[in-house]
Every structure is written in structure tokens, then in C-alpha cells.
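# An overview of the molecular structure
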Amino acid sequence: MEASWFFGCPLLGEDAPDLLAEALACIAREYAPAFPGIVLSGIRPEAGLAPELLRRFGRVFTFYRHSYSVQCAASLRGGLDGFLSRRSANHRAKLRKAARQARERDISFERRSPASAEEAAQIYRRMLRVEKTSWKGIGQCGMAESPAKEFYEALIGRLAATREARVIFARHEDRDIGFIFGGMAGTIYRGQQFSYDAAWKDRSIGNLLQLEKVTWLCEEAAERYDMGPIVGPRMSYKQHWTEKNMEIQTWLLRLNRRP
């Protein structure tokens, strides 16, 4: 169900182990006499699901660790002031300077939470136009390329059905110069993508968008901001915004050989 980044876990809810058992039985019938390897992503080794899977399926399958990732998050406890108090003095000073300069340059921010498929599609087209002017768009390695383009289009459309998408545009002279996009899951916000026009790379647009996002989330009494992976190219900036790291693993299940 999630075979691109291996972030999400396909086993949701209390009945997930039972549903997995049913799925495995169907797979066994479909592929008999062979049986494919089963990949389960998004497993948190310290959470309750991991030992339950080992207990339930450990006699039938051998479990291998396929890969792992470290995800990062920030607490929004204490609202915006509380969030900023957990950032370094240097980072807070940079944010104040960037915000002051943004006001001087008449940069504004527009919040959008689409409530229909049509509104989501219109907002997504705006996001893609910005994306194509960013370093990712110029390098053809961002969400304007397939399969990311189709993935995020579907994601924002589905989030719109329950009005859980959260999008902010940075604007200058009636033109979008940046955006930040993610979605709510209860009181937890998961960031998805943000980009800004490469011509504005020295104006801290990325930091300003993050600050605006945190401000909005705190106004909505959100409790946590998940920022995804912290390990990898171009991910070090997240260290300034987060204080919690969470390991997730991807497991490979191989059917034990029968005697």
C-alpha cells in the first residue's frame, strides 16, 4: 500500500492483525504453491503493534529488517511561544529578522483549507506553478514530476473531503512565490511538501512559510508537527524546527520452509 518511501503503515486499527491474517490467506491461495515476500512499512519497534506481529506470525514467517528511517517531529505544547522557546536563540533571531524583512518587502501569506475536489484541484495547480520555479522544479526532481505529481494530487483531493488539508501560499505583488502543504490527522499535522521560487532563495521564504504554518497550527490547538525524515540530503534544516526523533522500520516477511 505504501511502497515508495516506506513511511506509512498499512496496518491501521485494533483489527489490523486479523485483517493481515485474512490478507495473507488470500495471497497464499492466489500464489500457491509459491508465496511472495511481504513488505510491511512504517513499523515503530517500540510501539505495541511490533510485538503483536511477532507473536501472531512469528511461527509461520521469518521477519527481516528491510530498511529503517528516522522521522522527526516538534511539540506544539504551549502554543507559538512555547514552540519558539524550544528553538535556539540564533534561530529565533533569524526568524525575527526574516519576518521584519518580509513585511518591508510586502510579502504576504494566504491560508487555504480546500473543502471540495474542485477547490483542491485549483489550489494544487497553484502549487505546481510554484514548484516549477523552485530548485526541485528546475532540476525536474520534485512533485511536478510523475509519480509524485499524481500522488499529491490524490492526497490533497482526499484531504479536502474532510477539510484536513492545510496550505499556505507566500505571495508578492499578487504572485505566488512559495507554498507549504500538509494535512491534519486529529491533532497531529504531517507536513508533505513546500517549495519556493528559486529567485527568492536568499529571502528565507522557506523559514517564513514554516513559521506561518506553526502559527496557524497553534491557533488550531494542534499538538504535534511531524516533518518526516531527518536523515538524508537536504534534510538537516529540520534539526532547527524539531526536537523529537522516531525510528520506523520496514519489515520483510518470508514464509518459513515447510519440512
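Preceding block: the structure.
In short, a report on the structure. As the structure is a computational prediction, the values presented were derived from the model and not from experiment. Counting restarts for each chain: residues are numbered from 1 in the order of the written sequence. The model is predicted, so local features are restricted to residues of pLDDT at least 70 and side-chain atom pairs to those at 80 or more, both for listing and for counting; the totals for chains, interfaces and linings are taken over all residues. Side-chain descriptors were evaluated using all non-hydrogen atoms of the structure, hydrogens and water having been removed beforehand.

### Description of helix H4 (residues 89–104)
A rise of 1.5 Å per residue sets the reference length of H4, with its 16 residues, at 22 Å; its end C-alpha atoms lie 23 Å apart and thus fit the reference within 8%. Residues of H4 that are buried include every one of His91, Leu95, Ala98, Ala99 and Ala102, and no others. Buried residues of H4 fall within an arc of 100 degrees about the axis and therefore sit on the same side. What points out from H4, more than 90 degrees from its buried face, is the exposed set Arg96 and Glu104. One or two residues past the end of H4 sits Asp106, with phi positive at roughly 60 degrees. Runs of E in the DSSP output that reach at least two residues are strands. Runs of H or I that reach at least four are helices, and both are numbered from the N terminus. Here, expected helix span is obtained from the residue count minus one, scaled by 1.5 Å. Residue exposure (1.4 Å probe, protein chains only): buried if accessible area is under 20% of the type maximum, exposed if over 50%, otherwise partly exposed. Along the arc lie the directions from the helix axis toward the C-beta atoms.

### Considering the pairing of strand E6 (residues 188–196)
Two strands are counted as paired when DSSP detects at least two bridges linking them. One ladder, built from eight bridges, connects strand E5 (residues 175–185) with E6; its direction is antiparallel. Counted as the bridge partner of Phe181 is Gln193 from E6. The hairpin turn running from E5 into E6, its antiparallel successor, is two residues long, and Gly186 in that turn takes a positive phi close to 70 degrees. Both E6 and strand E7 (residues 224–229) contribute to a ladder of three bridges, which runs parallel. In the sheet register, Ile188 faces E7, and the bridge partner there is Arg224. Handedness of the β-α-β unit built from E6, helix H8 (residues 205–219) and E7 comes out right-handed. We call a crossover right-handed when, viewed with the strands running away from us, the connection from the first strand over the helix to the second turns clockwise.

### Structural notes on the nonpolar core
Note on terminology: a nonpolar core comprises buried Ala, Val, Leu, Ile, Met, Phe, Trp, Tyr and Cys residues joined through side-chain atoms within 4.5 Å. Ranked by size, the top nonpolar core spans 31 residues in total, and within it Leu76, Ile205, Leu209, Leu217 and Tyr225 carry the most contacts. Counting residues per element, the ones that place at least two in this core are strand E2 (61–75), H4, strand E4 (165–172), E5, E6, H8 and E7. Of the residues forming this core, the biggest block, eight residues, is contributed by H8. Those residues within four positions of Leu217 in sequence are excluded, and the remaining contacts are Leu76, Met184, Tyr189, Ala222 and Tyr225. Counting 18 residues, the second-largest nonpolar core is a separate cluster that includes Ile123, Tyr124, Met127 and Ile156. Should any heavy atoms of two residues lie within 4.5 Å, those residues are considered in contact.

### A short note on helix H7 (residues 148–161)
Taking 1.5 Å of rise per residue, 14 residues should cover 20 Å, and H7 covers 20 Å from first to last C-alpha, within 8% of that figure. Turning to H7, its buried residues are Ala148, Tyr152, Ile156, Leu159 and Ala160. Projected down its long axis, H7 shows its buried positions confined to an angular sector of 105 degrees, all on one face. The exposed set on the far side of H7, more than 90 degrees from its buried face, consists of Arg158 and Ala161. Just downstream of H7 lies Arg163, where phi reads positive at about 55 degrees.

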